[in-house]
Amino acid sequence: MLTSADLDTLLLTFKVASIATALMLLLGTPLAWWLARTHSAWKGIINAVVAMPLVLPPTVLGFYLLVLMGPAGPVGQFTNWLGLGTLPFTFPGVVIASVLYSMPFVVQPLQAAFTTIGEQPLEAAATLRASPLDTFFSVVLPLAKPGFLTATILGFAHTVGEFGVVLMVGGNIPDKTRVVSVQIYNHVEAMEYGQAHWLAGCLLAFSFTVLLVLYTVLKTQPVTHQLK
Amino acid sequence: MPVPNFTRIFITATLLQFGHESWAASVLVAVAANFSKPMTEIAAEFEKATGHSAKLSFGSSGKFVSQIENGGPFEVLLSADEKGPQKLEKSGLTVQDSRFVYALGKLVLWSAKPGYVDDQGKILASGDFKHLALADPKLAPYGAAAVEVLKKNGLFEKLQPLFVQGENIAQTLQFLITANAELGFIALSQVIENGKIASGSGWIIPGDDYTPIKQSAVLLKRGAENPAAPALMTFLKSAPALAIIEKYGYDLPK
């Protein structure tokens, strides 16, 4: 059965994933919009940077975050200067790492959705004297709704499943950074296979349900199409 | 028709090659993370002395045990403790009576900051550090030893909220080297060079404060037929190997 420590890790994981997903939508929407509309030479570079976590081993990302956010790193010196202390081994640190790690899963579906909308509805809105902001909220948002749903679900689910980055920057602290994937790993390492099965079963059921909703109810194309 | 000369030479050379390879074999060794530096040196000496080679894989002992139980290809296990090899013995995966203690691990309280850790470890009671790094006591013997030291000094309750845990001793060192944790317990072998703590500051914890860390080696059944595997087991007890083990701050088994 699940112990109370196991339940705490599940709860913490959903807390991390919810906050990270909200942040990713907030940051990812303007970024994806810009990427979808711009002809700037920077587009390729920014696209590549956003997609990097898809390719990089999570431990590499985790290690560099540890260095950057540590007391000797530029980010760490900045947060220290702000009086916030350093980010590794803290809840905000894990959220920030998750945002970086799962960002492509939010930006890419949004970018695809925005690109599909094209120029015409925007031009039509402009002739009707809608302000750009008005156009975004009354034309773009409704048209891009499937993209937003996909981005939200994938961003959330991918954060729940994240492991290597949190292992590196988290420090395995109960109720702060010990997420469910780390807990499963520790159960397996300690040869507590029974408990590992229970937790892993929960994650398995969760991921399957999420993807099922994504592909049947929402009729989304498989992820690989989205990522092209 | 006589066989052309070059063909004969080629065949002879090929046969010699095969002959040479079956004599100079290669052994796949799973090595506990704390023993990675000395083992790399020992492997080089082993190759020079016997002609066999040792391929080394570094990681946490617990993971190696699960991998070996599930058909992992290792032929020799150099564990950080006794428990793992004993467990494999019970599962019948080892060569009988092959287990022995190759080194006794030493724990050190270490900081990347020079002059931060005093040679009595008083910093533990008085320090202003925010994080205390250690390897997960449930998984790593050096982590369990660290908890023992804290309990013995009556500091466990006070310092537990400051714990940041590495999955193994190598990851714990990363927390310390990047200065994200000011202070932590690691293996002496990780920071020692030429018999001295090479950088930062540290307190080598007296052996009476924790149960001896009996790092044990075991020959796995997979390696029984490979001449290089028992040769490596023997070499680990030889004078050149023991000198390397001692150089890295381990005590030698009695």
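Residues numbered from 1 in each chain as written. Chains lettered and ligands numbered in written order. Predicted model: local features only at pLDDT ≥ 70, side-chain atom pairs only at ≥ 80, totals over all residues. Heavy atoms only, no water.

A. Quick look at the overall build of chain B. Secondary structure assignment for chain B yields 11 helices and 12 strands. The buried share among the 254 residues of chain B stands at 50%. Here the contacts in chain B between residues at least 6 apart in sequence split such that 77% fall between residues at least 24 apart. In the structure as shown, chain B presents an accessible area of about 11900 Å², 57% of it carried by carbon and sulfur atoms. Computing the positive centroid from 24 side-chain charges and the negative centroid from 24, chain B places the two 2 Å apart. (Helix = DSSP H or I, 4+ residues; strand = E, 2+ residues; numbered from the N terminus. Buried < 20%, exposed > 50% of the residue type's maximum accessible area, 1.4 Å probe, protein only. Contact = heavy atoms within 4.5 Å. Areas by Shrake-Rupley, 256 points an atom, 1.4 Å probe, with all protein chains shown as cover. Lys, Arg positive; Asp, Glu negative; His and termini not counted. Charge placed at Lys NZ, Arg CZ, Asp CG, Glu CD.)

B. Representation of helix H6 (residues 141-152) of chain B within the structure. Residue and element names in this part refer to chain B. Its 12 residues give H6 an end-to-end C-alpha distance of 16 Å, which sits within 8% of 16 Å, the value for a rise of 1.5 Å per residue. Those residues of H6 that fall on the buried side of the exposure criterion are Pro-141, Tyr-142, Gly-143, Ala-145, Ala-146, Val-147, Val-149 and Leu-150. Where H6 terminates, the next one or two residues include Gly-154, which has phi positive at roughly 65°. (Expected span 1.5 Å × (residues − 1).)

C. Structural detail: the sheet that holds strand S2 (residues 53-59) of chain B. All names here are of chain B. If you walk across this open sheet you meet the 5 strands as S2-S1-S3-S12-S4, and the pairing is mixed. Strands with a single pairing partner mark the edges of an open sheet, and in this sheet they are S2 and strand S4 (100-105). Geometrically, the sheet is characterised by an average inter-axis angle of 20° between neighbouring strands, direction not taken into account. Bridge count for strand S1 (residues 26-32) against S2 is 7 bridges, and the pairing is parallel. Within S2, the position partnered with Val-27 by the bridge is Ala-54. (Pairing = 2+ DSSP bridges. Axes fitted to C-alpha atoms, helices over the stretch in contact; angles between N-to-C directions.)

D. View of the pattern of salt bridges. All names here are of chain B. For the structure on display, the rule yields 10 salt bridges over all chains. With a closest N to O distance of 3.8 Å, Glu-167 and Lys-63 form a salt bridge. Of the two residues, Glu-167 sits in the loop between strand S7 (163-166) and helix H8 (169-177) while Lys-63 sits in helix H3 (residues 61-69), which places them 104 residues apart along the sequence. Here Lys-106 ties to Asp-251 by a salt bridge, and the two come within 3.6 Å at their closest N and O atoms. Of the two residues, Lys-106 is situated in the loop between S4 and strand S5 (107-111) and Asp-251 in the segment after helix H11 (239-247); the sequence distance between them amounts to 145 residues. Through salt bridges with shared partners, one network takes in Glu-82, Glu-89 and Arg-99. (Salt bridge = Lys/Arg side-chain N within 4 Å of Asp/Glu carboxyl O.)

E. Spotlight on the sheet that holds S7 of chain B. Residues and elements named next belong to chain B. Reading across the sheet, the 5 strands line up as S7-S6-S8-S5-S11 and stay open at both edges, with mixed pairing between neighbours. Looking at strand neighbours, the two that pair on one side only are S7 and strand S11 (201-204), the edges of this open sheet. Averaged over all pairs of adjacent strands, the angle between their axes in this sheet comes to 30°, without regard to strand direction. Alignment of S5 against strand S8 (residues 183-187), held across 4 bridges, turns out to be antiparallel. Bridging from a neighbouring strand, Trp-110 pairs with Gly-184 of S8. On the sheet, H8 packs against S5, strand S6 (132-135), S7 and S8 and is oriented at approximately 145° with respect to S8.

F. Spatial organisation of the packing of aromatic side chains. Residues and elements named next belong to chain A. Under the definition given, this model contains 17 aromatic pairs over all chains. Consider the rings of Phe-63 and Tyr-64, whose centres lie 5.8 Å apart with planes at 65°: the pair is edge-to-face. By the ring-pair criterion, three or more aromatic residues cluster together here, those being Trp-33, Phe-114, Phe-136, Phe-137 and Phe-148. Stacked on the ring of Phe-91, the Lys or Arg Lys-15 has its end atom at 4.9 Å from the ring centre. (Phe/Tyr/Trp six-rings, centres within 6.5 Å; stacked < 30°, edge-to-face > 60°. Lys NZ or Arg CZ within 6 Å of the ring centre and 35° of its normal.)

G. Quick look at the packing of helix H2 (residues 36-50) of chain B against H11 of chain B. Residue and element names in this part refer to chain B. For the pair H2 and H11, the least separation of the axes is 9 Å and the interaxial angle reads 160°. One finds that H2 runs roughly antiparallel with respect to H11. When you trace H2 past H11, the crossing you get is right-handed. Only Ala-241, Ile-244, Ile-245 and Lys-247 of H11 make contact with H2, whose side of the interface consists of Pro-38, Glu-41, Ile-42 and Glu-45. Of the residues belonging to the contact of H2 with H11, the class tally is 5 nonpolar, no polar and 3 charged. (Parallel < 35°, antiparallel > 145°, perpendicular 65-115°, else oblique. Left-handed = near helix turned anticlockwise from the far one by under 90°. Nonpolar A, V, L, I, M, F, W, Y, C, P; charged D, E, K, R; others polar.)

H. Quick peek at the side chain of Thr-79 of chain A. Along the chain, the position of Thr-79 of chain A falls in helix H4 (residues 74-81). In this structure Thr-79 of chain A touches Leu-84, Gly-85, Thr-86 and Leu-87 of chain A, once residues within four positions along its chain are discounted.

I. A look at the domain arrangement of chain B. Residue and element names in this part refer to chain B. The domain architecture assigned to chain B consists of domain 1 (5-104 + 214-247) and domain 2 (107-204). Using only C-alpha atoms to locate each centre, domain 1 and domain 2 end up separated by 30 Å. Listed per partner, the contact involves 9 residues of domain 1 and 11 residues of domain 2. Taken over both partners, the interface formed by domain 1 and domain 2 buries close to 840 Å², and the fraction arising from carbon and sulfur atoms is 51%. There are 1 salt bridge connecting domain 1 and domain 2. Counting the contacts that link domain 1 with domain 2 gives 3 residue pairs in polar contact (both at pLDDT 80 or more). Class assignment of the residues belonging to the side of domain 1 that touches domain 2 gives a composition of 2 nonpolar, 3 polar and 4 charged. (Domains from an automatic or database assignment. Buried area = accessible area lost by both parts, 1.4 Å probe. Polar contact = N/O pair within 3.5 Å; in protein donor to acceptor, adjacent residues only side chain to side chain.)

J. Representation of a nonpolar patch on the surface within the structure. Residue and element names in this part refer to chain A. A cluster of nonpolar side chains, Trp-34, Trp-42, Ile-45, Val-49 and Met-52, forms an exposed patch at the surface whose accessible area comes to about 530 Å². Considering every element that reaches the nonpolar patch, the biggest residue donor is helix H2 (residues 42-55), with 4 residues. With respect to the element layout, Met-52 can be found in helix H2. Residue Met-52 is classed as partly exposed on the basis of its relative accessible area, which comes to 45%. (Patch = residues over 30% accessible without salt bridge, like charges linked within 9 Å, V, L, I, M, F, W, Y side chains within 5 Å.)

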